[in-house]
Amino acid sequence: MLNHTMIVSFDQPIPDAELDQYLKDIENLMLGSGHVQTLSARRHIRVPADDHSPVFVASAIVQLGLADLDALNAVFTVPGAEELIRRWQSRYPYKVVWTNHEALS
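Below: a short report on this structure. Predicted model, so just to flag it, every value in this text is computed and none were measured.

**Looking at the pattern of salt bridges**
Here comes step 1: For the structure on display, the rule yields 10 salt bridges.
Here comes step 2: Between aspartate 11 and lysine 95 there is a salt bridge whose closest N-O contact spans 2.9 Å. In this pair, aspartate 11 is assigned in the loop between strand 1 (2–10) and helix 1 (16–32) and lysine 95 in strand 4 (residues 94–102), connecting sequence segments 84 residues apart.
Here comes step 3: It is possible to trace a salt-bridge network through shared partners that takes in Asp16, Asp20 and Arg43.

Shown next, in the form of structure tokens:
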């Protein structure tokens with residue numbers, strides 16, 4: 001099993017209900033694709049040290065569990081993914097950094 005872990009950082013504060021909807025939209029699209037076996041999404045827990053982050057402060061983290069490299073490659077071409085990204089970027093610009101990895105433990 002492989003994991004695709006995304007750290008999402010919105011440029012400006014995003015209302016809680018909107019962040020919840022963003023995460024739900026990703027969940028629905030990815031789980032509906034047939035390529036994703038598991039999906040976990042959580043909000044970032046803010047602490048004072050976040051004010052000193054050298055890169056950016058996360059808004060949320062999303063982790064997809066995939067069977068293999070073919071499934072991982074397929075999630076980058078899921079129909080509707082580009083539209084979802086454009087829609088959310090136009091409302092609340094954000095950045096994403098990700099890593100593809102085997103289980104950490």
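So that's the structure; there's more coming.
**Describing the side chain of histidine 101**
Here comes step 1: Of note, histidine 101 is situated in strand 4.
Here comes step 2: By relative accessible area, which is 16% here, histidine 101 ends up buried.
Here comes step 3: In this structure the side chain of histidine 101 is engaged in a polar contact, spanning 2.8 Å, whose partner is the side chain of threonine 5.
Here comes step 4: Excluding residues within four positions of it along the chain, histidine 101 makes contact with Leu2, Asn3, Thr5 and Gln63.

**Describing the environment of leucine 39**
Here comes step 1: In this structure, leucine 39 sits in strand 2 (residues 36–43).
Here comes step 2: With relative accessibility at 19%, the residue leucine 39 sits in the buried group.
Here comes step 3: Between the C-alpha atom of leucine 39 and that of isoleucine 26, which follows or precedes it by 13 residues, the distance is 9.4 Å.
Here comes step 4: Residues within four places of leucine 39 in sequence aside, it is in contact with Ile26, Glu27, Met30, Leu31, Val62, Gln63 and Leu64.

**A look at helix 1**
Along an α-helix, residues three or four apart share an orientation, since each turn contains 3.6 residues.
Here comes step 1: Under the 1.5 Å per step criterion, the end-to-end length of helix 1 is 24 Å for 17 residues, consistent within 8% with the ideal 24 Å.
Here comes step 2: Within the sequence span of helix 1, burial applies to Glu18, Leu19, Tyr22, Leu23, Asp25, Ile26 and Met30. What you see down the axis of helix 1 is that its buried residues fit within an arc of 150°, all on one side. Exposed residues lying more than 90 degrees from the buried face of helix 1 are Asp16, Ala17 and Gly32.
Here comes step 3: Phi turns positive one or two residues past the end of helix 1, at glycine 34, with a value near 85°.

**What to know about the packing of helix 1 against helix 3 (residues 81–91)**
Here comes step 1: At a minimum axis distance of 11 Å, the contact between helix 1 and helix 3 shows a crossing angle of 170°. When the axes of helix 1 and helix 3 are compared, the pair comes out roughly antiparallel. The segment helix 1 lies against helix 3, with Glu18, Gln21, Tyr22, Asp25, Ile26 and Leu29 engaging Ala81, Leu84, Arg87, Trp88 and Arg91.
Here comes step 2: Residues of the contact of helix 1 with helix 3, tallied by class, amount to six nonpolar, one polar and four charged.

Analysis parameters
Residues numbered from 1 in each chain as written. Predicted model: local features only at pLDDT ≥ 70, side-chain atom pairs only at ≥ 80, totals over all residues. Heavy atoms only, no water. Salt bridge = Lys/Arg side-chain N within 4 Å of Asp/Glu carboxyl O. Helix = DSSP H or I, 4+ residues; strand = E, 2+ residues; numbered from the N terminus. Buried < 20%, exposed > 50% of the residue type's maximum accessible area, 1.4 Å probe, protein only. Polar contact = N/O pair within 3.5 Å; in protein donor to acceptor, adjacent residues only side chain to side chain. Contact = heavy atoms within 4.5 Å. Expected span 1.5 Å × (residues − 1). Arc of directions from axis to C-beta. Axes fitted to C-alpha atoms, helices over the stretch in contact; angles between N-to-C directions. Parallel < 35°, antiparallel > 145°, perpendicular 65-115°, else oblique. Nonpolar A, V, L, I, M, F, W, Y, C, P; charged D, E, K, R; others polar.

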